[in-house]
Amino acid sequence: MSFEIVAKDLAGRVGLLHTKSGVVETPALFPVVDPRKQEVPLEAVQRYFGQVITNSYFIYRLTGGRAVDVKKMLGWGGVVMTDSGAYQILRYGTVEVDPDEILRFQQKIGSDIGVILDLPFDYEEPYGSALLKVEETIRRAKRAAAYLKEMDMLVVAPIQGALYADLLARSARELSRLGFHIFAIGSPTTLLEEYRFDLILRVVLEVKANIAREAPIHLFGAGHPLVLPFAVALGVDLFDSASYILYARDDRIILRDRTLRLDDVKTDYLPCSTKLCYTPVKELREMPKQERTLLIAEHNLAVLREELLEIRQRIHEGTLWEYLEIKARAHPTLYRFLKSIDRRLLEEYDPETHPDPHGLFFYSDTAPRRPEPARHRERLNNVEPLSRRAVVIKVEEKPYNRNWQYLYLKKTLGDRAHILFYDPIFGIIPEEIAEVYPLSQNESEGEDEEARAHAYEWLRRYDLVVLYNVDIPLMGKKVVKARSLEEVALYIQP
Ligand SMILES: [Zn+2]
């Protein structure tokens, strides 16, 4: 196995991708470097990243198809990924190279990770042309599969299908049978620029549902710290981007939660403490353009590295969701996306137990989308009533089963009733599991309507339900509301 998963959170994971030139810790970003003219010296890139991606088609054109050592050519000692030039098809129409030839070429120049010549698409692409691309890619992949084993590089199969679920599923299913190591998802830059994570999410999930769950997924062209944690949470492991230099050329400074134009900086120094940003803004503005571009590009690389380290740390901690909540505040589209995630989807991937749960879950208004409450309610369906009679109480003090009101009722009622807590986010919490993490270790803000609806249904299994301090609109004569703890006891006679 070339990919080893070390930790998981939501659908994201920290992993180790083994290549012939070394291990890449994921989630990882491959900065794009240009074999024709690399503006940022690779020694600078290497300070932040151990891997780069470059365009094998450019090399092919430069050398006339003669195999050179890509690492020597670039002057790079780390891991090299190559792509196949799909983007050039998009820009210049066609590429005069055979798909087999360009894949073999990537192998010959010593690439560690190569990509089958993929076909770029538009997300508004008509069904017919998306279908043709799926079929063409499968044809190419089948030809490549015949010599896959003799190649000493990892090979990426690009998934086609635009946004059509059936095509994506077919593409992923067929390609995954052929033994590829990595699957790539194209991301028309417009989708990322508009933060259309809802669409990216659909694509990622469709792909994941049709390939081995552990297989690494690469998202083409994503390179902003605002995008990365969301894509990772959805299950993306690898990224490539030229953002560090493209933004720098425009005097755009990448920050963890936004992009800042040099013209808009009002302070004397950038809000960053990388060594590069010790240069006063005034000096930055006045220095030659090229020198400034290099400084900003290096800053951008530093910030991207910082972001990826944060994401990995969050996955280890099991706090990726909390991190998304912070990030979502930066842009309304992200916020809406987070609120609308169908949590059942994440639930399917989120590990049930985190190795190292942190002390407190904080539930804000986006929290009902977290997987844990729905998972809890699903499990409740296996809980047997301890008695035919239930007492449902809502109390503030946690842990619930050490609360004085609970202790009072327990002492008074003994086993004559099943005591249940009502939590505004999780819903019904039976006394016997009240200490299970994170039922009693959460801070909640707001309420989850599904919790109430679930309680309404779930409580039907009891012959008598006594509510104390809870407002669940239960129907029927076997439901009573008690105004005090003493009154509860009156309803639960021996
Ligand atoms: Zn900086």
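Residues numbered from 1 in each chain as written. Predicted model: local features only at pLDDT ≥ 70, side-chain atom pairs only at ≥ 80, totals over all residues. Heavy atoms only, no water.

Some remarks on the packing of helix α7 (residues 165-176) against helix α9 (residues 197-209)
Any two packed helices are characterised by the angle at which their axes cross and by the distance between the axes.
So, step 1. One can describe the packing of α7 onto α9 by two numbers: an axis separation of 8 Å at closest approach and a directional angle of 40°. In this view, α7 runs oblique relative to α9, as classed from their interaxial angle. Read as a crossing pair, α7 and α9 show a hand that is right-handed. Counting all contacts with α7, which are made through Ala165, Leu168, Ala169 and Ala172, the residues of α9 involved are Val203, Glu206 and Val207. (Axes fitted to C-alpha atoms, helices over the stretch in contact; angles between N-to-C directions. Helix = DSSP H or I, 4+ residues; strand = E, 2+ residues; numbered from the N terminus. Parallel < 35°, antiparallel > 145°, perpendicular 65-115°, else oblique. Left-handed = near helix turned anticlockwise from the far one by under 90°. Contact = heavy atoms within 4.5 Å.)

Overview of the pattern of salt bridges
So, step 1. Taken as a whole, this structure holds 30 salt bridges when the rule is applied.
So, step 2. Close ionic contact of Asp257 with Arg258 constitutes a salt bridge, the shortest N to O distance being 3.0 Å.
So, step 3. Assessed through its relative accessible area of 34%, Asp257 is described here as partly exposed.
So, step 4. Of the residues examined, Arg258 reaches a relative accessible area of 40% and is grouped as partly exposed.
So, step 5. In this structure, a network of salt bridges that share partners links the residues Arg256, Glu306, Glu307, Glu310, Arg314 and Lys327. (Salt bridge = Lys/Arg side-chain N within 4 Å of Asp/Glu carboxyl O. Buried < 20%, exposed > 50% of the residue type's maximum accessible area, 1.4 Å probe, protein only.)

Quick notes on the side chain of Thr26
So, step 1. Counting through the fold element by element, Thr26 comes out in strand β3 (residues 22-26).
So, step 2. Other than its neighbours up to four places away in sequence, Thr26 contacts Phe3, Arg13, Val14, Gly15, Leu16, Leu17, Asp237, Leu238 and Arg312.

Considering the coordination of the zinc ion
So, step 1. Donor atoms from the polypeptide that coordinate the zinc ion comprise Cys272 (SG), Thr274 (OG1), Cys277 (SG) and His299 (ND1), at 2.0 to 2.2 Å from the metal.
So, step 2. Metal-centred angles of 95 to 136° between the four donor atoms at the zinc ion mark the site as irregular.
So, step 3. Counting along the primary sequence, the residues that act as donors to the zinc ion give the motif C-x1-T-x2-C-x21-H. There is no split in this pair, since Cys272 and Thr274 are both buried. (Donors = N, O, S within 2.8 Å, 3.2 Å for Na, K, Ca; no water. Tetrahedral: all angles 85-135°; square planar, octahedral: opposite > 155°, others 65-115°.)

So, the packing of aromatic side chains
So, step 1. Counted under the stated rule, the structure contains six aromatic pairs.
So, step 2. Centroid distance Tyr127 to Tyr164: 5.0 Å. Interplanar angle 75°. Geometry classified as edge-to-face. Here Tyr127 is found in helix α6 (residues 127-145), whereas its partner Tyr164 is found in the loop between β8 (154-159) and α7, with 37 residues between them in sequence.
So, step 3. Measuring from centroid to centroid gives 5.2 Å for Tyr406 and Phe421, while their planes differ by 55°, and the two rings are tilted. Taken as a pair, Tyr406 in helix α18 (residues 404-413) and Phe421 in strand β16 (residues 418-423) lie far apart in primary sequence, 15 residues in all. For the residue pair Tyr406 and Phe421, the accessibility class agrees, reading buried in each case.
So, step 4. Three or more aromatic residues joined by ring pairs form one cluster here, namely Tyr400, Tyr406 and Phe421.
So, step 5. The lysine or arginine in question, Arg104, covers the ring of Tyr147, its NZ or CZ lying 3.8 Å from the ring centre. (Phe/Tyr/Trp six-rings, centres within 6.5 Å; stacked < 30°, edge-to-face > 60°. Lys NZ or Arg CZ within 6 Å of the ring centre and 35° of its normal.)

Quick word on the packing of helix α5 (residues 99-108) against α6
So, step 1. Contact geometry for α5 and α6: axes closest at 10 Å, N-to-C directions at 50°. Considered as vectors, α5 and α6 are oriented oblique to each other. Every pair of crossing elements has a handedness; the one defined by α5 and α6 is right-handed. Across from Pro99, Asp100 and Leu103 in α5, the residues of α6 making contact are Arg140, Arg143 and Ala144.
So, step 2. For the contact of α5 with α6, the class distribution of residues is three nonpolar, no polar and three charged. (Nonpolar A, V, L, I, M, F, W, Y, C, P; charged D, E, K, R; others polar.)

Let's talk about α9
So, step 1. Helix length check: α9, at 13 residues, gives a terminal C-alpha distance of 18 Å against a target of 18 Å (1.5 Å per residue), a fit within 8%.
So, step 2. Of the residues making up α9, those classed as buried are Phe197, Leu199, Ile200, Leu201, Val203, Val204, Leu205, Val207 and Lys208. (Expected span 1.5 Å × (residues − 1).)

Let's talk about the sheet that holds strand β2 (residues 12-19)
So, step 1. Here three strands make up an open sheet; going across it, the order is β1-β2-β3 and the pairing antiparallel. Edge positions in the sheet fall to β1 (3-9) and β3, since each of these pairs with one other strand and no more. Strand-to-strand, the axes of this sheet are offset by a mean angle of 10°, without reference to chain direction.
So, step 2. The strands touched by helix α13 (residues 289-317) are β1, β2 and β3; relative to β1, the strand with the most contacts, the crossing angle is about 70°. (Pairing = 2+ DSSP bridges.)

With respect to the UniProt feature "binding site: Zn(2+)" (unreviewed entry) in the protein chain
So, step 1. Here, UniProt's "binding site: Zn(2+)" (unreviewed entry) annotation points to Cys272 and Cys277.
So, step 2. With respect to the helices and strands, the residue Cys272 is situated in the loop between β13 (259-261) and α12 (281-286).
So, step 3. Residue classification places Cys272 among the buried positions, given a relative accessible area of 19%.
So, step 4. Beyond its immediate stretch of four places on either side in the chain, Cys272 contacts Cys277 and His299.
So, step 5. The topology assignment puts Cys277 in the loop between β13 and α12. (UniProt positions renumbered as here; feature names shortened; annotations may be inferred.)

A few points about the pairing of β8
So, step 1. Extensive coverage of β8 is indicated by the burial of six of its six residues.
So, step 2. Every second residue of β8 is oriented toward a common face, with Leu154, Val156 and Pro158 on one face and Val155, Ala157 and Ile159 on the other, all of them buried.
So, step 3. Where strand β7 (residues 113-115) meets β8, three bridges bridge the pair, whose relative direction is parallel. Bridge assignment links Ile113 to a residue of β8, and that residue is Leu154.
So, step 4. Taken together, the four bridges between β8 and strand β9 (residues 182-185) define a ladder with parallel strand orientation. Opposite Val156, over in β9, you have Ile182 as the bridge partner.
So, step 5. Viewed along the sheet, the connection from β8 through α7 into β9 turns out right-handed. (Right-handed = clockwise from strand over helix to strand, strands pointing away.)

Details of the sheet that holds strand β15 (residues 389-393)
So, step 1. The five strands are arranged β17-β16-β15-β19-β20 in an open sheet whose pairing can be described as mixed. Two strands close off the open sheet at either side, each with one partner strand: β17 (427-430) and β20 (479-482). Direction aside, the axes of adjacent strands within the sheet are offset by 30° on average.
So, step 2. Here four bridges tie strand β19 (residues 464-468) to β20, and the two strands are oriented parallel to one another. Paired with Val465 across the strands is Val479, a residue of β20.

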